[in-house]
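The primary structure of each chain is shown beneath.
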Amino acid sequence: GMKSLKVSWPFQEEVDRKVVPEYYEIIKEPMDFGTMLKKFNNNTYKTKEAFHHDAMLVFNNCRKFNKKDTSYYRCAEDTQKEYEKLLKLHFPGEPIPPDTTNVSATAEPPK
């Protein structure tokens, strides 16, 4: 699954507030794979759209916060590609759900 992907290492747990306090000024709806796994195991996700929403938050938040030339940004791109392959595998013939996150991928400098 997603957690075993080499490129997904930045997304395994929430961003540390002590290390990167400004992250939480820019990112309004933080998400990470560790949190998603807990939600999955607790049957919080009632639809694949709800799961997809959180997965897209992980990728979009990363692209919003990090510049294009960073390894974090590249990890988001690569992990999203792998994630979409997994979706196609598990839901053959179904379209990938729409991105409902409302997170623009352009990084805005902290005010």
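Because the structure is predicted, anything quoted here is derived from the model rather than measured.

Caption draft 1: Just the nonpolar core, in detail. Membership of the largest hydrophobic core comes to 16 residues, with the highest contact counts inside it found for Phe11, Phe33, Met36, Val58 and Phe59. Taken together, the elements giving at least two residues each to this core come down to helix 2 (33-41), helix 3 (48-65) and helix 4 (71-90). Per-element accounting of this core gives the leading share, six residues, to helix 3. Ranked by size, the runner-up nonpolar core spans five residues in total, among them Val20, Tyr24, Ile26 and Ile27.

Caption draft 2: Spotlight on unusual backbone geometry. At Asn43, a residue that is not glycine, the phi angle is positive and equals roughly 55°. Residue placement: Asn43 occurs in the loop between helix 2 and helix 3. Positive phi outside glycine occurs at Asn102, with the angle close to 65°. Relative to the helices and strands, Asn102 resides in the segment after helix 4. A relative accessible area of 77% places Asn102 in the exposed class.

Caption draft 3: How the structure looks around the side chain of Asn60. Among the structural elements, Asn60 can be located in helix 3. Since its relative accessible area comes to 4%, Asn60 is described here as buried. Ignoring anything within four residues of it in the chain, the contact list for Asn60 reads Asp99, Thr101 and Val103.

Caption draft 4: Broad picture of the packing of aromatic side chains. Under the criterion given, the structure shown has ten aromatic pairs. Taking 4.9 Å as the distance between ring centres and 65° as the angle between the ring planes, the aromatic pair formed by Tyr23 and Phe65 counts as edge-to-face. Of this pair, Tyr23 sits in helix 1 (residues 23-26) while Phe65 sits in helix 3, and the two are 42 residues apart along the sequence. Ring centres of Tyr45 and Phe51 lie 5.2 Å apart, and the angle between their planes is 80°; on these two criteria the pair is classed as edge-to-face. Ring pairing ties together the aromatic residues Phe11, Phe33, Phe40, Tyr45, Phe51, Phe59 and Tyr83, which thus form one cluster. Against the face of Tyr24 rests Arg17, its NZ or CZ located 3.8 Å from the ring centre. Over the aromatic face of Phe91 sits the side chain of Lys48, whose NZ or CZ is 4.8 Å from the ring centroid.

Caption draft 5: Looking closely at helix 3. Taking 1.5 Å per residue as the helical rise, helix 3 with its 18 residues ought to reach 26 Å, and the 26 Å between its terminal C-alpha atoms agrees with that figure. In terms of residue burial, helix 3 counts as a mostly covered element, since 13 of its 18 residues are buried.

Calculation notes
- Residues numbered from 1 in each chain as written.
- Predicted model: local features only at pLDDT ≥ 70, side-chain atom pairs only at ≥ 80, totals over all residues.
- Heavy atoms only, no water.
- Core = buried A, V, L, I, M, F, W, Y, C linked by side-chain atoms within 4.5 Å.
- Buried < 20%, exposed > 50% of the residue type's maximum accessible area, 1.4 Å probe, protein only.
- Helix = DSSP H or I, 4+ residues; strand = E, 2+ residues; numbered from the N terminus.
- Contact = heavy atoms within 4.5 Å.
- Phe/Tyr/Trp six-rings, centres within 6.5 Å; stacked < 30°, edge-to-face > 60°.
- Lys NZ or Arg CZ within 6 Å of the ring centre and 35° of its normal.
- Expected span 1.5 Å × (residues − 1).

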